[in-house]
Amino acid sequence: MAIVLSIGTADTPTAEDQAREDYLTLARTRFRIAADAEADLRKRMLEDKTFRASEQWPDAIRQQREAEGKPCLTVNRLPQFIRQITNQQRENKTVALVSAVDSVGDPATAQVLQGMIRHIEQQSQATVAYTTACEDQVTIGRGYIRILTEYADPLDMNQSLVIRRVRNPFTVYMDPACQELDYSDAMWGFVVADVSPEDYKTRWPDAPISSGAEFQSIGDQAPDWYPDGKYRVAEYWTVTLVPDTLLQLDTQDTLLLSQIPPEMVFQQGPTVMGLVVNGQPVRVVGQRETHRRVVRWSTITGVAILDGNEDKTDGRRWPGHWIPIVPVIGEEIDLDGKLDLRGIVRDAKDPQRRYNYSVSATTEIAALAPKSPYVMADGQDEGHEFEWKHANTKNFSSLKYRPVDVNGQLVGPPQRNVQEPPIQAMVMLTTQADHDLMNVTGRYQASLGAPGPEQSGLAIKARQRQGDIGSYNFQDNLNVAISTVARYLVDLIPAVYDVPRVIRIAGEDDTETTVMVHAGQPPEAIPPGVQGVFNVGMGRFDIVVSSGANHDSKRQEFMALVGPLVQAFPQAAPIVLPMVARYMDMPFAKELAAKLNGPPPLPPEVQQQMQQMDEEVKRLTAELQQAQQTIQAKQIESAAAVQQQQIAAQSRVDVAQIAGQSAAQRAQLASQSAIQAAQIDGQTALQRAQVAAEAQLQQTAMQDETKIRTTQMQIQAEMALARIQAIEADITARRDALNTSSPSAG
């Protein structure tokens, strides 16, 4: 809801009304200062833009030639020269690099900030803002880039930073007292816009209607599609310098006094002696007076504040320290304290007009060549005046004439006064005008694609660089602007992304990584898939820009160089092929690269040696297995012999038990049977003793022979195993030596 000043009523203005009136009065005064300071400059800029839009003939000359039926041709060469510079700026993408500059800043956090800047550029299509500013920079000498905060989604409570273009640079009015090329020292500025009556009444239904003449100047006239009038509003930006005290602690850290709670400060008069942090004293080793930049913005008309603080007496607080409007300057000339900005159009006007005059004159001469006048005696066209009058415009089957003149004397037939037109001279003038255009704009034949006598690629590139060097000042000023945009983003990120938030950051090759960022409030839990948590509010960071080919151009250059490299050095193919597959613009390129990214194949002679070694290893392995099987068989035979002896011994025990059990029965037999049994038992015992002695001797001999054979087999197995290990070590050493000698090892 807009608040209207109660001016002109009988009521005494309140303090708030007076504050609003002072605010609007200062805004109107500042706008008029900016408009008057740049009135001549904006007039010349508007003429340059009109000239670039093919309005190149002065009105008086055009009207005269059209009245005489002469052609007024416009062969506009300027867009070609402008596109040569702007398209080169598009191709040589400027990348902002973030680095930590103090002990608190983390290099990993710097990489995250750099990825956030690249992600903001991608999501807000910053390329459109950059190219629009470049078009105005090269054409009229100045374009603008804006940084805004927007809600990414209607249902999202978090705002995001975006980069937006300024389609009409004449709608921006910055503090004319600023000295920096990027206007970072500007203390105020305006961005005006014309709003349709319907939108104005919808957004500010209670606001008074203003024609907007207070915020209008050269180059920003209202469009013609507002049949019911125009409502002009202006964004008003201000910077206030608030005094503060900078403290240096004994930890080499610096803090502003306004950022420290009063209960933590120990002062003696105006001097801060120390701080109390977590119950521990921290000594202050130095201090100095400084100031803080407080940026505010509002939306105003000439008579009302539409958007601002709560009571509409001032602007709303902006979280950054600079006005987020960045200029892209072309050529800057200080003429005795008066600023002049220009692109390539200003100095190319006269050569372009000369070119148009030459082409028009050549066309006129060539068109009138068949219409040379007839030479005839007075009275020869008598009675046929109509035919002869239209002889150059109509086709007649015959032209009749009188063979005598007015005196009755015989004369010959009328003849054309044929004269050769100076076409060659006119073409030379056109060519000279074309050369003047190239000299003024700094773009030459090679830059425009014309072939030359050079044959080698290096010579052709060197000739093309003549134009690049002649217009590199535009690219350099664009780098300054993009560096300022990145610096403003690094300043705004901790304030906008203050609460824990999961975001995606983009790498140079547009690969995305999911991280969580905050500005001093770490999250209670880390969601799955997050690859790190970073505090973007700690430390100070610096910005450096790098201008060159973008990632796609670098990829194409790499693909173009791979072919000659592999032809000159075929051994590098196994190393280069995985990278080639990775950078190929086709589906499943990464999968193919992963499969190709194995160890390089060995030379044929090494492969043959390795095959022979593999066969030797297989043979020795078979012998080892056979020896192990033989040992196992002998062990089985020995175990069987022992088992047989155990069975025999058990049998003897069983026999003895049976004999003991039947002893009572045998005692009852007749004495004869006892004597015979005793004799048989004696003979049996003697035989058993002999058998036992022979079995013991055979068992001992067999055990000795088994031990000897087992020892021999173990010795042979150990020798075979040692040979296998030696062969494997030799294979490993040769493979390592081959990998060391390959190019990738360097």
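Here is a short report on the structure shown in this document. Just so it is clear, the structure is predicted and the values come from calculations on it, not from any experiment. (Residues numbered from 1 in each chain as written. Predicted model: local features only at pLDDT ≥ 70, side-chain atom pairs only at ≥ 80, totals over all residues. Heavy atoms only, no water.)

### Digging into the packing of helix H2 (residues 39-52) against helix H6 (residues 126-140)
Here comes step 1: Taken N-terminus to C-terminus, the directions of H2 and H6 make an angle of 105 degrees; their axes are 9 Å apart at the nearest point. When the axis of H2 is compared with that of H6, the two are roughly perpendicular. Contacts between H2 and H6 pair Met45, Asp48, Lys49 and Arg52 from the former with Glu135, Asp136, Thr139 and Ile140 from the latter.
Here comes step 2: Looking at the contact of H2 with H6, its residues break down into two nonpolar, one polar and five charged. (Axes fitted to C-alpha atoms, helices over the stretch in contact; angles between N-to-C directions. Helix = DSSP H or I, 4+ residues; strand = E, 2+ residues; numbered from the N terminus. Parallel < 35°, antiparallel > 145°, perpendicular 65-115°, else oblique. Contact = heavy atoms within 4.5 Å. Nonpolar A, V, L, I, M, F, W, Y, C, P; charged D, E, K, R; others polar.)

### As for the sheet that holds strand S21 (residues 533-535)
Here comes step 1: Across the sheet, three strands lie side by side as S19-S20-S21; this open sheet has mixed pairing. Of all strands in the sheet, those bounded by a partner on one side alone are strand S19 (501-506) and S21. Shown here is a sheet whose adjacent strand axes are inclined to one another by a mean of 45 degrees, direction ignored.
Here comes step 2: Note: strand S20 (residues 512-518) against S21, three bridges, orientation parallel. Bridging from a neighbouring strand, His518 pairs with Asn535 of S21.
Here comes step 3: Those strands touched by helix H5 (residues 107-123) are S19, S20 and S21, and its axis lies near 80 degrees from that of S19. (Pairing = 2+ DSSP bridges.)

### Here's the deal with the sheet that holds strand S14 (residues 325-329)
Here comes step 1: With antiparallel pairing, the three strands of this open sheet are ordered in space as S4-S3-S14. Two strands close off the open sheet at either side, each with one partner strand: strand S4 (159-165) and S14. This sheet shows a mean twist of 25 degrees between the axes of neighbouring strands, independent of strand direction.
Here comes step 2: Strand direction decides the pairing type here: strand S3 (residues 142-151) and S4, joined by seven bridges, are antiparallel. Bridging across to S4, Thr149 finds its partner in Leu161.
Here comes step 3: Contacts from H6 reach S3, S4 and S14, with the element oriented near 160 degrees to S3.

### A word on helix H1 (residues 15-37)
Here comes step 1: With 23 residues, H1 should reach 33 Å at 1.5 Å per residue; the first-to-last C-alpha distance of 33 Å fits that figure.
Here comes step 2: Within the sequence span of H1, burial applies to Asp17, Arg20, Tyr23, Leu24, Ala27, Arg30, Phe31, Ala34 and Ala35. (Expected span 1.5 Å × (residues − 1). Buried < 20%, exposed > 50% of the residue type's maximum accessible area, 1.4 Å probe, protein only.)

### Remarks on the pattern of salt bridges
Here comes step 1: Applying the stated criterion across every chain yields a total of 29 salt bridges.
Here comes step 2: Where Asp48 meets Arg346, a salt bridge forms, and the shortest distance between an N and an O atom there is 2.6 Å. Highlighted residues: Asp48 in helix H2 and Arg346 in helix H8 (residues 345-368), separated in sequence by 298 residues. Here Asp48 matches Arg346 in class, with each residue buried. (Salt bridge = Lys/Arg side-chain N within 4 Å of Asp/Glu carboxyl O.)

### Some points on the nonpolar core
Here comes step 1: By size, the foremost hydrophobic cluster in this structure holds 60 residues, and its most contacted members are Met116, Leu161, Ile163 and Tyr497.
Here comes step 2: Among the elements that line this core, the one with the most residues is helix H12 (residues 472-496), at 11 residues.
Here comes step 3: Once residues lying within four places of it in the same chain are set aside, the contact partners of Met116 are Ile493, Tyr497, Ile503, Ile505, Val517 and Val536. (Core = buried A, V, L, I, M, F, W, Y, C linked by side-chain atoms within 4.5 Å.)

### Let's talk about the packing of aromatic side chains
Here comes step 1: For the structure shown, the criterion picks out 12 aromatic pairs.
Here comes step 2: Pairing Trp188 with Phe190 gives two aromatic rings, centres 6.0 Å apart and planes at 65 degrees, and the pair type is edge-to-face. For the pair formed by Trp188 and Phe190, the shared burial category is buried.
Here comes step 3: Every member of this aromatic cluster is reached through a ring pair, and the members are Tyr23, Phe31, Tyr173, Trp188, Phe190 and Tyr236.
Here comes step 4: Sitting above the plane of the Tyr173 ring, Arg42 keeps its charged end 3.8 Å from the centroid.
Here comes step 5: The ring of Tyr355 is capped by Arg77, whose NZ or CZ atom sits 5.8 Å from the centre of that ring. (Phe/Tyr/Trp six-rings, centres within 6.5 Å; stacked < 30°, edge-to-face > 60°. Lys NZ or Arg CZ within 6 Å of the ring centre and 35° of its normal.)

### Some words on the environment of Thr238
Here comes step 1: Mapped onto the elements, Thr238 comes out in strand S7 (residues 231-249).
Here comes step 2: Spatially, the C-alpha atom of Thr238 lies 7.7 Å from that of Ile323, the residues being 85 residues apart in sequence.
Here comes step 3: Not counting residues up to four positions away in its chain, the partners in contact with Thr238 are Arg30, Met187, Trp188, Val294, Val295 and Arg296.

### Overview of a nonpolar patch on the surface
Here comes step 1: Together, Phe386, Phe396 and Leu399 make up a nonpolar patch on the protein surface, roughly 250 Å² of accessible area in all.
Here comes step 2: Inspection of the secondary structure assignment puts Phe386 in helix H9 (residues 385-389). (Patch = residues over 30% accessible without salt bridge, like charges linked within 9 Å, V, L, I, M, F, W, Y side chains within 5 Å. Areas by Shrake-Rupley, 256 points an atom, 1.4 Å probe, with all protein chains shown as cover.)

### So, the packing of H5 against H12
Here comes step 1: Close contact between H5 and H12 brings their axes to 10 Å; oriented N to C, the two are set at 110 degrees. In terms of orientation, H5 and H12 fall into the roughly perpendicular class. Of H12, the residues touching H5 (which contributes Leu113, Met116, Ile117 and Ile120) are Ala486, Leu489, Val490 and Ile493.

### With respect to unusual backbone geometry
Here comes step 1: Positive phi outside glycine occurs at Gln125, with the angle close to 50 degrees.
Here comes step 2: Given the relative accessible area of 56%, Gln125 is considered exposed.

### Comments concerning the environment of Glu235
Here comes step 1: Here Glu235 lies in strand S7.
Here comes step 2: Distance from Glu235 to Leu306, taken between C-alpha atoms, is 9.8 Å for residues 71 residues apart in sequence.
Here comes step 3: Other than its neighbours up to four places away in sequence, Glu235 contacts Arg146, Gly189, Phe190, Val191 and Ser298.

### What to know about the pairing of strand S15 (residues 331-335)
Here comes step 1: Bridging between S15 and strand S16 (residues 338-342) involves five bridges; their strand directions are antiparallel. When the sheet's bridge partners are listed, Ile333 is paired in S16 with Asp340.
Here comes step 2: Counted between consecutive antiparallel strands, the loop separating S15 from S16 contains two residues, among which Asp336 sits at a positive phi close to 55 degrees.

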